[in-house]
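Below, each chain spelled out in residue letters.
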Amino acid sequence: MPTHATRILSRFCALSLALLIPLALTAQAEPLPERISFQHPLENKDIVLGEAASIFQDSQGFMWFGGANAIIRYDGYEFKSIPLTVNTAQGEEFRPVKMAVDIFEDSENILWVSTRTGLLRYDPRTERLTQIADNPNAQVTITTTDLLQSLELPSGELLVASKSGLLVIDRTQLTYSV
């Protein structure tokens, strides 16, 4: 006479076989592909990201990639390189972004990009990426400071960590203090 444990074990084995046999038959019905290939998403594009240092998804669903040579926005279909807009005596110039290490979105949907050469501000309404200017009265020049990460304070100011210390950015005046 089988024991209680033996009956439970035999039921478990019968149930396992009943579940595994259909799975095995299904797996045999669909052969595996002989070759799996991958395509580089930036292949044949004039975009050179370099080593990606930051990846961020904004409130609109765009994916942002910051790297050694560019800031790239991906909408699910296409990649778009976002240049830095610089005002010069000859007018506006567009330059590549260098070494973007952090991307942050504030409560007003403005993106802030921390780089090794300063803080950049991206306004999605104008689609312009501009650099925050140096404060001549501050001990630290923001355009030569290695920035690391940003976050928004409850007061609405932006707190930016750098290798030289913390910077507080006034988002409306676009000025900073140490």
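None of these values were measured; they are calculated from a predicted model.

Give a description of the overall build of the protein that names residues and reports values.
Helix and strand content of the protein: one helix and 14 strands. Split into buried and exposed, the 178 residues of the protein put 33% on the buried side. Looking at the protein alone, contacts between residues at least 24 apart form 40% of all its contacts between residues at least 6 apart. In the form shown here, the protein has an accessible surface area of approximately 12000 Å², with 56% of it arising from carbon and sulfur atoms.

Explain the nonpolar core to me, using residue names and the numbers behind them.
Proteins that are soluble and globular tend to have nonpolar side chains buried together. Formed by 14 residues in total, the largest nonpolar core has its most connected members in Trp64, Ile71, Val97, Ile103, Val113 and Leu129. Residue assignment for this core shows that the elements contributing at least two residues are strand 5 (84-88), strand 7 (100-105), strand 8 (111-115) and strand 9 (118-123). Here Ile103 is in contact with Ser54, Phe56, Trp64, Phe65, Gly66, Ile71, Leu111, Trp112 and Val113, once residues within four sequence places are set aside. Ranked by size, the runner-up nonpolar core spans twelve residues in total, among them Phe104, Ile132, Leu158 and Leu167.

Run through the pairing of strand 3 (residues 71-74), naming residues and quoting values.
Two strands pair when backbone bridges link them, and strand 2 (residues 63-67) and strand 3 are joined in this way by four bridges, in the antiparallel orientation. The partner of Gly66 across the bridge, within strand 3, is Ile71. Linking strand 2 back to strand 3 in an antiparallel pair, the connection comprises three residues. For strand 3 and strand 4 (residues 79-81), the ladder comprises three bridges, and the chain directions are antiparallel. Along strand 4, the bridge assignment pairs Arg73 with Lys80. From the end of strand 3 to the start of strand 4, which pair antiparallel, there are four residues, and Gly76 there has a positive phi angle of about 100°.

Help me get a handle on the side chain of Thr115, residues and values and all.
Its place among the elements puts Thr115 in strand 8. Within the structure, the side chain of Thr115 is placed 2.7 Å from the backbone oxygen of Gly118, a separation counted as a polar contact. Those residues within four positions of Thr115 in sequence are excluded, and the remaining contacts are Val97, Lys98, Met99, Ala100, Val101, Leu120, Thr145, Asp146 and Leu147.

The rules behind the values
- Residues numbered from 1 in each chain as written.
- Predicted model: local features only at pLDDT ≥ 70, side-chain atom pairs only at ≥ 80, totals over all residues.
- Heavy atoms only, no water.
- Helix = DSSP H or I, 4+ residues; strand = E, 2+ residues; numbered from the N terminus.
- Buried < 20%, exposed > 50% of the residue type's maximum accessible area, 1.4 Å probe, protein only.
- Contact = heavy atoms within 4.5 Å.
- Areas by Shrake-Rupley, 256 points an atom, 1.4 Å probe, with all protein chains shown as cover.
- Core = buried A, V, L, I, M, F, W, Y, C linked by side-chain atoms within 4.5 Å.
- Pairing = 2+ DSSP bridges.
- Polar contact = N/O pair within 3.5 Å; in protein donor to acceptor, adjacent residues only side chain to side chain.

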